[in-house]
Amino acid sequence: MFDINKIREDFPILKRKVNGYPLVYFDNAATSQTPKQVIDCIVDYYSNYNANIHRGVHSLSQEATDKYEQARNKIRGHFNAARSYEIIFTSGTTHGINLVANGFGSFLKEGDELIVSAMEHHSNIVPWQMLCERTGAILKVIPMDENGELIMSSYKELLNENTKLVFCNHISNALGTVNPIEEIIQLAHNVGAAVLIDGAQACPHLKPDVQKLDVDFYVASAHKMCGPTGVGVLYGKEEWLNKLPPYQGGGEMIAEVTFEKTTYADLPHKFEAGTPNICGGIAFGAAIDYLNSIGMEEIMAWEHELLEYATKALEEIEGLRIYGTSKHKTSVISFNIEGVHPYDIGTIVDKLGVAVRTGHHCAQPIMDYFKIPGTVRASFAFYNTKEEIDVLVAAVKKAHLMLA
Ligand SMILES: *Cc1c(COP(=O)(O)O)cnc(C)c1O
């Protein structure tokens, strides 16, 4: 049973006040809040079995290693990956994309083509631009329309035998659009191109089935799914991870080192040089347990209700425009009010305890498309309520009166 009051009890931060008002946290697309089950896991690690992993024979190290590998397996389950060594721990989505972009250079030659969508986060644009500069590959862009949906007919025209890789987000952080990634992946595979999906915004709401999707690479961050910052995941198909050269050299990623030649460790260690965020990885596993204890379908259903409720209420405000009006979207509402700068709205609603994000949301090409400097973005999580949305709407109305 989805019990919102009980769920809210799990999040200590939701009890605090900001500027004298109860916190209304609507910046979940930037980072989610942390339930006490995950906080307890972090305290337990440092209180009881903090040790380096995969090295010592001593008991603490064994315990930490076991817990870390159990967490890897929980993540494997969440993504329905076939093998746990296809799950690489990273520091986050950005790290995962850079890891693939860096290694992919060995497969590219001048004139090869890469395809990106028009609605990417900067972290799924810049590493590929750097790769193109290094290799002479060409970056092509799938355009989008006024609703914030990708124009699939244009995508089909971009694909050809020179296309080597397609990368796209599963869900847009700035618009909330859920992209048709099944179709994107299949069309890319038809021309022999690989696909990387940025799942940073999708994994807080759903379980991506990487086997069913037949995706080559899928990346996400723990801190958007109730876990800690500084840890994330790269799923890669075994055959790709075997081909891809390592990203960083160091301890833990080698089989044998001499000054003449070094051989690399097996998966997943080949991509996990150095001491990782051990506690973070284990807490990521605890966050997945927590999400599953509530149920991803229940989470998605409640968030959808919040989205519809908030969309309707905000649309009634005169001069307010919502960016991202696809029928397929998650609980992100990007908006502006005519004649008012988004930053000013954000500042005034913060005075009333409401946390929203303002700006370009690391997706400047989207802002350029709509010819705006940025938006106000309210993003809801399963622990939010309709009463909190009422507070947001009243705060936005107040800001509008003060600024217009
Ligand atoms: C947040 C986000 C990223 C970047 O994630 P980091 O955790 O900062 O590495 C990339 N893509 C999307 C769609 C995001 O929402």
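Residue numbering note: each chain is counted from 1, following its sequence as written. Since the coordinates come from a predicted model, pLDDT governs what is reported: local features require at least 70, and pairs of side-chain atoms require 80 or more to be given and counted, while whole-chain, interface and lining totals use all residues. Computation of side-chain values: all heavy atoms of the structure, hydrogens and water removed.

**Focus on the sheet that holds strand β16 (residues 357–359)**
And step 1. Only strands joined by at least two bridges in the DSSP assignment are considered to pair. Runs of E in the DSSP output that reach at least two residues are strands. Runs of H or I that reach at least four are helices, and both are numbered from the N terminus. Ordered in space as β13-β14-β17-β16, the four strands form an open sheet in which the pairing is antiparallel. For this open sheet the edge positions go to β13 (320–323) and β16, each flanked by a neighbour on one side alone. If you compare each strand with its neighbour and ignore which way they point, the axes differ by 30° on average.
And step 2. Note: β16 against strand β17 (residues 375–379), three bridges, orientation antiparallel. Within β17, the position partnered with R357 by the bridge is R377.
And step 3. Contacts from helix α11 (residues 296–315) reach β13 and β14 (332–337), with the element oriented near 5° to β14. All axes are obtained by fitting lines to C-alpha atoms, using only the stretch in contact for helices, and the reported angles, taken between N-to-C directions, cover 0 to 180 degrees. In this analysis, two residues are considered to be in contact whenever any of their non-hydrogen atoms come within 4.5 Å of each other.

**Side note on the packing of helix α12 (residues 342–351) against helix α14 (residues 386–403)**
And step 1. With their axes 9 Å apart at the nearest point, α12 and α14 run at an angle of 125° to one another. Here α12 lies oblique to α14, going by the angle between them. Of the two possible hands of crossing, α12 and α14 adopt the one that is right-handed. Contact with α12, carried on its side by D344, I345, I348 and V349, involves A395, V396, A399, M402 and L403 of α14 and no other residues of that element.
And step 2. Per-class residue counts for the contact of α12 with α14 are eight nonpolar, no polar and one charged. Angular relationships are summarised with four words: roughly parallel below 35 degrees, roughly antiparallel beyond 145, roughly perpendicular across 65 to 115, and oblique for the angles in between. In this scheme, a crossing is called left-handed if the near helix is turned counterclockwise away from the far one by less than a right angle; it is called right-handed if the turn is clockwise. Nonpolar residues are Ala, Val, Leu, Ile, Met, Phe, Trp, Tyr, Cys and Pro. Charged residues are Asp, Glu, Lys and Arg, and all others, Gly as well, are polar.

**Some details on the pairing of β14**
And step 1. Between buried and exposed lies partly exposed: a residue is buried under 20% and exposed over 50% of the maximum accessible area for its type, with that area taken using a 1.4 Å probe on protein chains only. Where burial is concerned, most of β14 is hidden: six out of the six residues are buried.
And step 2. Burial along β14 is two-sided: V332, S334 and N336 and I333, F335 and I337, pointing in opposite directions, are all buried.
And step 3. Pairing analysis gives four bridges linking β13 to β14, with the strands arranged antiparallel. The residue bridging Y323 from the neighbouring strand is S334, located in β14.
And step 4. Across four bridges, the pairing between β14 and β17 is antiparallel. Residue pairing for β17: I333 is matched across the bridge by A378.

**Describing the domain arrangement of the protein**
And step 1. As annotated, the domain borders come from an automatic or database domain assignment. The assigned domain composition of the protein is domain 1 (4–30 + 295–403) and domain 2 (39–293).
And step 2. On a C-alpha basis, the centres of domain 1 and domain 2 stand 28 Å from each other.
And step 3. Taken together, the contact between domain 1 and domain 2 spans 36 residues of the former and 34 residues of the latter.
And step 4. Note on terms: buried area is the combined drop in 1.4 Å-probe accessible area of two parts once they are placed together, counting the loss on both. Carbon and sulfur atoms supply 57% of the area that domain 1 and domain 2 bury against each other, a total of about 2700 Å² over both sides.
And step 5. Per-residue buried area on domain 1 facing domain 2 is highest for M296, I366 and Y369; these three make up 23% of the total on that side.
And step 6. By convention in these notes, a salt bridge is any Lys or Arg side-chain nitrogen within 4 Å of a carboxyl oxygen on Asp or Glu. Between the two partners, domain 1 and domain 2, sit one salt bridge.

**Some details on the packing of aromatic side chains**
And step 1. Two aromatic rings from Phe, Tyr or Trp, using only the six-membered ring of Trp, form a pair when their centres are within 6.5 Å; if the ring planes differ by under 30 degrees the pair is stacked, by over 60 it is edge-to-face, and anything between is tilted. Under the defined criterion, the tally for this structure stands at 18 aromatic pairs.
And step 2. Ring centres 5.8 Å apart and planes at 80° place the aromatic pair F11 and Y290 in the edge-to-face group. With F11 in the loop between α1 (4–9) and β1 (17–18) and Y290 in helix α10 (residues 278–294), this residue pair connects regions lying 279 residues apart in the sequence. Take F11 and Y290: they sit in the same class, and that class is buried.
And step 3. Among the aromatic residues, ring-to-ring pairing joins F11, Y290, F382 and Y383 into one connected group.
And step 4. Here, a charge over a ring is recorded when the distance from Lys NZ or Arg CZ to the ring centre is within 6 Å and its angle to the ring normal is within 35 degrees. Lying over the aromatic face of Y49, K67 brings its terminal NZ or CZ to 4.4 Å of the ring centre.

**Points about helix α5 (residues 126–135)**
And step 1. All of the buried residues along α5 are P127, W128, L131, C132 and T135. Looking straight down α5, one finds that the buried residues subtend no more than 140° of arc, so they occupy a single side.
And step 2. Considering only its buried residues, α5 is in contact with α4 (93–104), β5 (113–117), β6 (138–142), β7 (163–169) and β8 (194–198).
And step 3. Of the residues trailing α5, G136 is marked for its positive phi of about 80°. Within this analysis, the arc is defined by the directions that extend from the helix axis to the C-beta atoms.

**Things to note about the site of the ligand**
And step 1. A molecule or strand has a residue near it when one of that residue's heavy atoms lies within 4 Å. Neighbouring the ligand are T93, T94, H121, S123, N173, D198, A200, Q201, S221, H223 and K224.
And step 2. Side-chain polar atom of H223 to an oxygen atom of the ligand: 2.8 Å apart, as the coordinates give it.
And step 3. Considering the ligand on its own, with 380 Å² of exposed area, one finds that the protein chains cover 86% of that surface.
And step 4. Residues of the shell around the ligand, tallied by class, amount to one nonpolar, eight polar and two charged. Residues adjacent in sequence count toward polar contacts only when both atoms are side-chain atoms; beyond that, a polar contact is any pair of N or O atoms within 3.5 Å, and within protein one must be able to donate a hydrogen and the other to accept it. Note on areas: Shrake-Rupley, 1.4 Å probe, and residue coverage restricted to the protein chains presented here.

**Some points on the nonpolar core**
And step 1. In plain words, nonpolar cores are sets of buried Ala, Val, Leu, Ile, Met, Phe, Trp, Tyr and Cys residues tied together by side-chain atoms within 4.5 Å. Counting 79 residues, the largest nonpolar core has Y155, V215, Y218, F284, I366 and F382 as its most contacted members.
And step 2. No other element matches the eleven residues that α10 contributes to this core.
And step 3. Both domains that furnish three or more residues to this core are identified here as domain 1 (4–30 + 295–403) and domain 2 (39–293).
And step 4. For V215, the contacting residues outside a window of four places in its chain are I185, V195, I197, V210, Y235 and K237.
And step 5. With 31 residues, the next largest nonpolar core counts I317, F335, I345 and V393 among its residues.

**Concerning the sheet that holds β7**
And step 1. Spatially, β4-β10-β9-β8-β7-β5-β6 is the arrangement adopted by the seven strands of the open sheet, whose pairing is mixed. Both edges of this open sheet fall to β4 (87–90) and β6, since each of them pairs with a single strand only. Taken pair by pair, the neighbouring strands of this sheet meet at an average axis angle of 20°, ignoring direction.
And step 2. Where β7 meets β8, five bridges bridge the pair, whose relative direction is parallel. From the neighbouring strand, V166 faces β8, where its bridge partner is V195.
And step 3. Its contacts with the sheet place α4 against β4, β7, β8, β9 (217–221) and β10 (232–236), and it is angled at close to 150° to β9.

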